[in-house]
Amino acid sequence: MSPATGSFRTRLLAGETLYTAWCLLADPNAAEIVARQGWDAVTIDCQHGFVDHLDMLRIIAAVQGAGTNVLVRTAPRDENLIGKALDAGVDGIIAPMINSPADSRWLSDLAKFPPVGERSWGPARALALSGLDKQSYLAQANTLSLAWAMVETAESLANLDAICSTDGIDGIFVGPNDLSVSLSRGATVDPSLPEVGNALDAVLERAEKHGVIPGIFANTPELARVFAARGFPFIAGGSDVGMLTGGSAQLLGAIKA
Ligand code: 3PY
Ligand code: MG
């Protein structure tokens, strides 16, 4: 929870389209710079990023210090990471490779306190950030941080209804890169694959039916605009590595022009 505690969820539920940057670098200063550029949130990528648990905790504080909402993309089967991120006071977690009803139940159990799940008590930093007493935090925590299940395989598409209807799952988040790898049976990684585009209708339709928030990762600004126009209210719009790579190449190109 940033200084704007709870506002991230409220804004999404009110129908706003929100954009998150995606940070892979293990550097609080880099994440803080990105956080100050007007993104609605910064997501720390603990799956494919260069970030370990301690880096994550420092980056969360840096992003919140900039007054920006912060989320963590967790790592497959890393139970400890989900609790640590929530205890540090993030606005949401995005859990990769949630393929089956058992996976979505696993996620909900780790992310939500009883009676919804089995989250372990210990909000080391989240409690202080929330400004609540223990009882009030316990009562509100399940809605203070959102849990997104990543839909990024053919198997997860086949289980959309069960994943979306799992108590404690607040949203589904499409990973179009992995989805293209899965749907093409390893032939290509290409989010603009027609099979990926076709799957998005089912994702949007099931999300609406079950009242969960659909999100998606966009590799390019063009795809981000397409996804927003199709009705995705939560879009990851670019990574710090991409920004550094693109900005650096553009600068060198301009110098040598
Ligand atoms: C994917 O597209 O597979 C993702 O996980 C987004 O980074
Ligand atoms: Mg992925």
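As the structure is a computational prediction, the values presented were derived from the model and not from experiment. (Residues numbered from 1 in each chain as written. Chains lettered and ligands numbered in written order. Predicted model: local features only at pLDDT ≥ 70, side-chain atom pairs only at ≥ 80, totals over all residues. Heavy atoms only, no water.)

K.L.:
Report on the site of ligand 1, specifying residues and quantitative values.
P.N.:
Looking at ligand 1, the residues that line it are Arg73, Met150, Glu152, Gly175, Pro176, Asn177, Asp178 and Phe217. Here Arg73 contributes a side-chain N or O atom positioned 2.9 Å from an oxygen atom of ligand 1. Backbone polar atom of Asp178 to an oxygen atom of ligand 1: 2.9 Å apart, as the coordinates give it. Coverage of ligand 1 by the protein amounts to 93% of the 230 Å² it exposes when considered alone. Here the element with the most residues in the shell around ligand 1 is helix α10 (residues 176-183); it accounts for three residues. (Near = heavy atom within 4 Å. Polar contact = N/O pair within 3.5 Å; in protein donor to acceptor, adjacent residues only side chain to side chain. Areas by Shrake-Rupley, 256 points an atom, 1.4 Å probe, with all protein chains shown as cover. Helix = DSSP H or I, 4+ residues; strand = E, 2+ residues; numbered from the N terminus.)

K.L.:
Can you explain the nonpolar core? Please cite residues and give values.
P.N.:
Ranked by internal contacts, the top residues of the largest apolar core, which has 55 residues, are Ile44, Met56, Ile93, Ile172 and Phe232. For this core, the leading source of residues is helix α11 (residues 194-210), giving six residues. Residues in contact with Ile93, not counting those within four places in the same chain, are Val72, Thr74, Ile82, Ala85, Leu86, Leu107, Ala111, Leu146, Ala147 and Trp148. One finds Leu18, Ile213, Phe217 and Phe234 within the second-largest nonpolar core, a separate group that totals 16 residues. (Core = buried A, V, L, I, M, F, W, Y, C linked by side-chain atoms within 4.5 Å. Buried < 20%, exposed > 50% of the residue type's maximum accessible area, 1.4 Å probe, protein only. Contact = heavy atoms within 4.5 Å.)

K.L.:
Would you mind going over the packing of helix α4 (residues 79-87) against helix α5 (residues 101-111) in detail, with residue names and values included?
P.N.:
Between α4 and α5, the least distance of the axes is 9 Å, while the angle of their chain directions is 40°. Of the possible angle classes, the one that applies to α4 and α5 is oblique. As α4 runs across α5, the sense of the crossing is right-handed. The segment α4 lies against α5, with Glu79, Ile82 and Leu86 engaging Trp106, Leu107, Leu110 and Ala111. By residue class, the composition of the contact of α4 with α5 is six nonpolar, no polar and one charged. (Axes fitted to C-alpha atoms, helices over the stretch in contact; angles between N-to-C directions. Parallel < 35°, antiparallel > 145°, perpendicular 65-115°, else oblique. Left-handed = near helix turned anticlockwise from the far one by under 90°. Nonpolar A, V, L, I, M, F, W, Y, C, P; charged D, E, K, R; others polar.)

K.L.:
Report on the packing of aromatic side chains, specifying residues and quantitative values.
P.N.:
Going through the model one piece at a time under the given rule, you end up with ten aromatic pairs. Ring centres 6.4 Å apart and planes at 75° place the aromatic pair Phe8 and Trp148 in the edge-to-face group. Highlighted residues: Phe8 in helix α1 (residues 7-13) and Trp148 in strand β5 (residues 146-151), separated in sequence by 140 residues. Each member of the pair, Phe8 together with Trp148, is buried. An angle of 40° between the planes, with centres 5.7 Å apart, marks the rings of Phe113 and Trp121 as tilted. Classification of Phe113 as buried rests on a relative accessible area of 2%. (Phe/Tyr/Trp six-rings, centres within 6.5 Å; stacked < 30°, edge-to-face > 60°.)

K.L.:
Outline the packing of α10 against α11, supporting the account with residue identities and numerical values.
P.N.:
At a closest axis distance of 9 Å, the pairing of α10 and α11 adopts a crossing angle of 115°. By the angle class used here, α10 and α11 are roughly perpendicular. Where α10 crosses over α11, the handedness of that crossing is right-handed. Between α10 and α11, the residues in contact are Pro176, Leu179, Ser180 and Leu183 and Glu195, Val196 and Ala199, respectively.

K.L.:
Go over the coordination of the magnesium ion (ligand 2), please, and point to the residues and values.
P.N.:
Glu152 (OE) and Asp178 (OD) make up the full set of protein donors to the magnesium ion (ligand 2), lying at 2.1 to 2.2 Å. Taken as a pair, Glu152 in the loop between β5 and α8 (154-158) and Asp178 in helix α10 lie far apart in primary sequence, 26 residues in all. For Glu152, a relative accessible area of 2% puts it in the buried group. Residue Asp178 is classed as partly exposed on the basis of its relative accessible area of 26%. (Donors = N, O, S within 2.8 Å, 3.2 Å for Na, K, Ca; no water.)

K.L.:
An account of the state of the cysteines is needed here, citing residue identities and associated values.
P.N.:
Counted under the stated rule, the structure contains zero disulfides. No disulfide involves Cys23; its sulfur sits 11 Å from the nearest other cysteine sulfur, which is in Cys46. (Disulfide = S-S within 2.5 Å.)

K.L.:
Which residues make up the environment of Arg225, and what values go with them?
P.N.:
Within the element layout of this structure, Arg225 appears in helix α12 (residues 221-230). Residue class for Arg225 comes out exposed when judged on its relative accessible area of 57%. Distance in space between the C-alpha atoms of Arg225 and Met243 is 18 Å, their sequence separation being 18 residues.

K.L.:
Give me the lowdown on the pattern of salt bridges, citing residues and values where you can.
P.N.:
Going through the model one piece at a time under the given rule, you end up with eleven salt bridges. Taken together, the shared-partner salt bridges in this structure form one network comprising Asp161, Glu205, Arg206 and Lys209. (Salt bridge = Lys/Arg side-chain N within 4 Å of Asp/Glu carboxyl O.)

K.L.:
Explain the environment of Trp106 to me, using residue names and the numbers behind them.
P.N.:
With respect to the helices and strands, the residue Trp106 is situated in helix α5. The class of Trp106 is partly exposed, set by a relative accessible area of 23%. On a C-alpha basis, the gap between Trp106 and Arg77 in space is 9.1 Å, while along the polypeptide they are 29 residues apart. The contacts of Trp106, once residues within four sequence positions are left out, are Arg77, Asp78, Glu79, Ile82 and Ile98.

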